[in-house]
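A closer look at the structure
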Amino acid sequence: MISKKLKNNSYILYISVILIAFFRLLLTATIPLLDKTEARYAEIARIMQETNQWIVLQIDYGIPFWAKPPLSTWLSAGSFAVFGVNEFAARFPSFLLSILLIIITGKIAKKSGISFYLPGFILLTMPEFLIHTGVVSTDTTLEFCVAIMMISFWQTMKSERKTYWNYVFFVALGFGLLAKGPLIIVLTFPPLFLWCCLDIKRFRELFSKFSIIIGILITAIIAIPWYYFAEQETPGFLDYFIVGEHYKRFVEPGWKGDLYGSGHSQPKGMIWAFMLVFGLPWMQIVLYKLWKTRKTIFKNSWVSFLVLWMLWTPLFFTLSKNILHTYMLPVAIPIMFLIVYWWEDFTKKKLIIRIALIFPAIVFIAYFALFATGKLDYYMNSDKYLLENLNAKNEKKQIPLYYWKEKNYSGQFYTNGKAKVLKSEVELDSILSLNKKIFFVIPTKNEQEIPKKYFEKMNLAESNYKTSIFVTK
């Protein structure tokens, strides 16, 4: 039975989930694609949809992108086909997957007598999950597949006989291999193995409740064809992706083999700081409860399952320096389930709810403050508004656009791939000598690289906090 206190809070949870989800949907449509990562994946999807090349991902026309599998790109490219090429379409699959997770976990909570909206409230007030509810990235698809795998494993093990969850596990594994590759095996199999080790009879149950041979075939049918055809069309892909992206990236600080950028070098153990900051306030509550119940954690099968699920990812990344805060995203679901499990024990639910709403409130206030003051276009890490202003001033005439040294991915996306790059003063000099009207994009930090004699031939046309666009006189 749902407690009286929970009933009193259910309305707050319901309203909060609806409002935050609607606000997040608004952001997917009104915030421009941001450099560098989000705009890059959106541009890869745009090229896929334009060229109708669904096997080999391309970071630019004719240049393969070997760093990630195609699932998130397929979803965004398919969304472009339905909604047109825009930021909302690029982000909508990520938003939809997050909402599906909220619904699935809400139904699980409801079966145990907890408010359907509590999981959604916890997730949407957790900074990392809220950020990725509508961001173009591979992390949301990975999180979704990890969550479905772990949930289906639990449901299978707790059922008295084989159920469809047994097959869902292998389906999620197959799509996980298409979401971010073998990493999904690394993030799921070890905690599942350790949980079974807590009670040896679980291994017998595992083999009796899972159709392993059929399951492996299901996974293989889903995942292997793309890997095969990708290697056939671009030989060398498997070596770079399996060895480079899944080994060297994590064991070599500042990995130099990255073809599409550079490693994100962080102090070892930084993943724990990311969890504390981007898991606010729920991670802190979970750690407090785990300490208070430390003597009984492994006596409860559900709690021990969630704890191993939650701790394995940060433990795995502890010794890695090449990490991002997004690596903690798969941990959001077990954090949420632990809070749901302990929810009835909390005596200050309203205080917890108020604290949890602080981050969404800050985002809400910041967005509308920037919007109201007209500063949204200036402070966004994107070239969208700069290019829109240029098009408006020039009545949408096709005037050549050149970037200095390298293109911003948002510039690629919002020019439909028509932006070009000037990599040296010789190239710049040859373009300016044509005496044609061009736009020249320079990151503010790199302006000192351009000799003054070239600026004498150009006027400032548009600028924001990090980029300037000049037009020839």
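Whatever comes next refers back to the structure up there.
Note that the structure is predicted; figures quoted are calculated from it, not measured. (Residues numbered from 1 in each chain as written. Predicted model: local features only at pLDDT ≥ 70, side-chain atom pairs only at ≥ 80, totals over all residues. Heavy atoms only, no water.)

1. Describing a nonpolar patch on the surface
Formally: Residues qualify for a patch when their relative accessible area is over 30% and they have no salt bridge, like charges being joined within 9 Å and the nonpolar side chains of Val, Leu, Ile, Met, Phe, Trp and Tyr within 5 Å. Note on areas: these come from Shrake-Rupley sampling with a 1.4 Å probe, and a residue is covered only by the protein chains present in the view. Salt bridge, as used here, is a side-chain nitrogen of Lys or Arg placed within 4 Å of a carboxyl oxygen of Asp or Glu. Numbering of helices and strands starts at the N terminus; helices are DSSP runs of H or I of at least 4 residues and strands are runs of E of at least 2. Relative accessibility decides the category of a residue: with a 1.4 Å probe and only protein chains considered, values under 20% of the type maximum give buried, values over 50% give exposed, and everything between is partly exposed.
A cluster of nonpolar side chains, contributed by L276, V277, L280 and L287, occupies part of the molecular surface with about 310 Å² of accessible area. Mapped onto the elements, L287 comes out in helix α14 (residues 282-292). Classification of L287 by relative accessible area gives partly exposed; the value is 36%.

2. Thoughts on the nonpolar core
For the record, the criterion: Grouping buried Ala, Val, Leu, Ile, Met, Phe, Trp, Tyr and Cys residues that are joined through side-chain atoms within 4.5 Å yields what is termed a nonpolar core. Note on contacts: a residue pair qualifies if any of its non-hydrogen atoms lie within 4.5 Å across the two residues.
Ranked by internal contacts, the top residues of the largest apolar core, which has 121 residues, are F129, F153, W282, F305, M310 and I333. Ranked by residues supplied to this core, first place goes to helix α7 (residues 139-158) with 12 residues. If near-sequence neighbours (up to four positions away) are discounted, M310 is found in contact with M275, M283, V286, L290, V331, P334, I335 and L338. By size, the runner-up hydrophobic cluster in this structure holds 13 residues, among which are I431, I438, Y454 and M458.

3. Comments concerning unusual backbone geometry
A cis geometry characterises the amide bond from D35 onward to K36, with omega recorded as 10°. Take K36: it is sitting in the loop between α1 (4-30) and α2 (37-51). L280 connects to P281 through a cis peptide bond whose omega is -15°. Tracing the backbone through its elements, the reader meets P281 in the loop between α13 (270-278) and α14. Backbone geometry places K405, a non-glycine residue, at a positive phi of 75°. With respect to the helices and strands, the residue K405 is situated in the loop between β3 (401-404) and α21 (409-414). Judged by its relative accessible area of 39%, K405 is partly exposed.

4. Examining the sheet that holds strand β7 (residues 467-472)
The line we're drawing: DSSP-based pairing: two strands are paired if at least 2 bridges between them are found. A fitted line through C-alpha atoms serves as each axis, taken over the contacting stretch for helices, and the angle formed by two N-to-C directions is quoted from 0 to 180°.
What the five strands build is an open sheet, ordered β4-β3-β5-β7-β6; its pairing is mixed. Of all strands in the sheet, those with a lone pairing partner are β4 (420-422) and β6 (458-463), marking the two edges. Shown here is a sheet whose adjacent strand axes are inclined to one another by a mean of 35°, direction ignored. On top of the sheet, helix α20 (residues 384-393) reaches β3, β5 (439-443), β6 and β7; it is set at about 120° to β6, its chief contact. Running over the sheet, helix α22 (residues 425-432) touches β3, β4, β5 and β7 and is turned about 115° from β4.

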